[in-house]
Amino acid sequence: MPNGLITLDLVRNLGLEDRVLMTSKNSVAAQNRFIYYPDHLVRMPGPGSSLLQTILSVLSEPIFKGTISGALSEVAKPRRPEDLQDESIGSFFTRRFGSALADNVVSGVFHGIYAGDIYKLSARAILPSLWAIEWRNNSIMKGLLEEAIGGMRPIATSDLDLIKTLQSQPITSDKLEVAKKSSVYTFKGGIGELADKLEAKLDESDNVLILENTDVGQIRIVSTAAGEKIQINAKEASNRETTDYDFDHVVSTIPGNKLASIASRSPITSLSPLSRTSAVTVMVVNLFFSNPKILPVHGFGYLLPRSVPFEQNPERALGVVFDSDASIGQDDVPGTKVTVMLGGHWWDDFDAYPDEDEGASMAKALLKRHLGVNEEPRAIRVSLQRSCIPQYGVGHEARMEDASLRLDSFKGRLRVAGNSYTGVGLNDCIRAARDVVKGLVDGTGTTGLESFVGGKKWSWISETS
Ligand SMILES: C=Cc1c2[nH]c(c1C)Cc1[nH]c(c(CCC(=O)O)c1C)Cc1[nH]c(c(C)c1CCC(=O)O)Cc1[nH]c(c(C)c1C=C)C2
């Protein structure tokens with residue numbers, strides 16, 4: 001995916017190159033990712049694992065029970081029914097490989113990206129290339145094997161176009177060339193530096209007005225002396241004073257379900273398909289221990305799959321990041337930093353969430369049980385991130401196509417970008433912003449959701465092409 005390159009381009013434009021902190025692909029964080037199952041940490045095979053290590057692990061660890069037979073029998077599984085337009089990630093993996101892989105491994109991985117339930121998340125929207133590979137080869141294993149020996153692999157046609165553009169305008173700075181080869185990167189002051197710098201840069205422009213703590217009450221199309229406009233009714237949180245602003249174009253980056261709710265207050269086309277994208281709440285607990293040698297293993301961190309016995313995870317944690325390993329260079333105070341993430345889809349039906357003290361106790365109990373950490377942290381910070389990760393449920397692509405057709409009635413005056421549509425990661429959001437602006441400037445798009453219309457288009461390329 002070329003989305004990371006767009007982010008690097010933005011980093012360069014904002015003059016943030018010297019603030020970038022890179023985690024090299026050879027670092028312990030890039031090489032070691034763990035899943036806790038059923039009562040201990042299991043290192044996932046990946047870069048840095050020898051073939052022998054991988055074989056021994058697959059043969060001896062309960063987490064991999066049923067995965068070899070599942071992979072071998074996958075090639076003989078019936079092809080996907082023609083009328084199956086989408087299914088959950090859990091159902092997709094269970095249909096192809098059996099439920100052990102889905103519940104023990106895949107559910108953990110999706111706790112670490114979406115904090116979501118694999119039996120609700122859409123396979124077609126979230127794993128589009130596996131979805132396409134299965135269809136083309138009638139088997140995922142056959143398709144991946146073909147790809148591994150230099151055969152054809154799918155690439156979204158829109159990505160292919162972008163790669164061509166990026167090849168003609170390569171990212172020049174040496175520093176960013178190194179970042180391209182790193183496993184993860186952040187900034188010395190954390191990822192928030194990017195947003196802060198972007199805000200400061202925009203604020204320098206005369207034609208930019210940033211309104212904070214202001215709700216959007218209504219959005220509507222209006223006729224003015226200067227022609228048709230799109231009007232936003234903004235309400236200041238402090239004094240509830242309202243002001244109407246007329247624009248030629250609006251790009252909404254708020255959650256899709258919020259936009260649908262605002263749109264429903266005006267007699268304009270309903271954007272109800274956007275209201276179906278829910279979002280999960282995650283409690284983030286950062287802990288700092290004075291002891292620099294508190295962790296029994298080193299790496300990026302570990303994830304907790306849905307199948308972990310309840311007594312091993314009564315807190316309903318999703319995973320733990322070993323920040324001291326994952327973000328080297330962020331601060332030089334000796335000690336160990338870890339982040340425990342709790343909740344996500346496990347808390348979907350909760351009316352109230354644990355408070356800060358409860359969150360801190362839950363995180364400490366988890367670290368004691370899983371890692372044998374008995375020491376008291378020197379500092380602890382708990383934050384509840386409400387509705388922070390949108391969940392692309394089954395049928396997401398069809399709903400986005402429907403939403404795009406509805407947005408068309410705004411004749412390009414209302415477009416969308418942000419994490420509710422084409423990916424929840426930072427890179428995905430920056431790419432979505434770039435695409436929506438490009439569509440506006442060169443007239444190739446009108447909604448920000450064009451890629452969903454008529455189904456995602458794929459090109460099949462080989463490494464040699
Ligand atoms: C334990 C919970 C979580 C961890 N990270 C997140 C949660 C909910 C959130 C998250 N992680 C990723 C993304 C998308 C991309 C981005 O902008 O960073 C989000 C929103 C990336 C990611 N994290 C893991 C994987 C496999 C990925 C996908 C791509 C990649 O490899 O970078 C794994 C992972 N996440 C967490 C841990 C502890 C972990 C693995 C051990 C924390």
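Anyway, here's the lowdown on the structure attached to this text. These numbers come from a predicted model, not from an experiment. (Residues numbered from 1 in each chain as written. Predicted model: local features only at pLDDT ≥ 70, side-chain atom pairs only at ≥ 80, totals over all residues. Heavy atoms only, no water.)

Description of helix α5 (residues 89–97)
Argument step 1. Considered for burial, the residues of α5 that qualify are Ile-89, Gly-90, Phe-92, Phe-93, Arg-96 and Phe-97. Projection of α5 onto a plane perpendicular to its axis shows the buried side chains occupying an angular sector of 165 degrees, all on one side.
Argument step 2. Check the buried side of α5 and you find it contacts α4 (67–74), α6 (99–111), α7 (123–126), α8 (128–137) and α9 (140–148).
Argument step 3. Just downstream of α5 lies Gly-98, where phi reads positive at about 100 degrees. (Buried < 20%, exposed > 50% of the residue type's maximum accessible area, 1.4 Å probe, protein only. Helix = DSSP H or I, 4+ residues; strand = E, 2+ residues; numbered from the N terminus. Arc of directions from axis to C-beta. Contact = heavy atoms within 4.5 Å.)

Let's talk about the environment of Leu-384
Argument step 1. Along the chain, Leu-384 falls in strand β14 (residues 379–390).
Argument step 2. The exposure class assigned to Leu-384 is partly exposed, which follows from its relative accessible area of 26%.
Argument step 3. Discounting chain neighbours no more than four positions away, the residues touching Leu-384 are Thr-281, Val-282, Met-283, Trp-347 and Tyr-353.

What to know about the pattern of salt bridges
Argument step 1. A complete count under the given rule lists 24 salt bridges for this structure.
Argument step 2. Notably, a salt bridge pairs Arg-95 with Glu-134, separated by 2.7 Å at the nearest N-O pair. Of this pair, Arg-95 sits in helix α5 while Glu-134 sits in helix α8, and the two are 39 residues apart along the sequence.
Argument step 3. Salt bridges here are not isolated pairs; linked through shared partners, they connect Glu-74, Arg-80, Glu-87, Arg-95, Arg-96 and Glu-134. (Salt bridge = Lys/Arg side-chain N within 4 Å of Asp/Glu carboxyl O.)

Some remarks on the site of the ligand
Argument step 1. Residues in close proximity to the ligand total 17 residues, the closest being Arg-33, Gly-112, Val-320, Gly-425 and Leu-426.
Argument step 2. Here an oxygen atom of the ligand sits 3.1 Å away from a polar atom, N or O, in the side chain of Arg-33.
Argument step 3. When the ligand is considered free in solution it has 780 Å² of accessible area, and contact with the protein chains removes 68% of it.
Argument step 4. Every element with two or more residues in the shell around the ligand is listed here: β11 (301–303) and β12 (317–321).
Argument step 5. Each residue belonging to the shell around the ligand can be placed in one class, and the counts come to 11 nonpolar, five polar and one charged. (Near = heavy atom within 4 Å. Polar contact = N/O pair within 3.5 Å; in protein donor to acceptor, adjacent residues only side chain to side chain. Areas by Shrake-Rupley, 256 points an atom, 1.4 Å probe, with all protein chains shown as cover. Nonpolar A, V, L, I, M, F, W, Y, C, P; charged D, E, K, R; others polar.)

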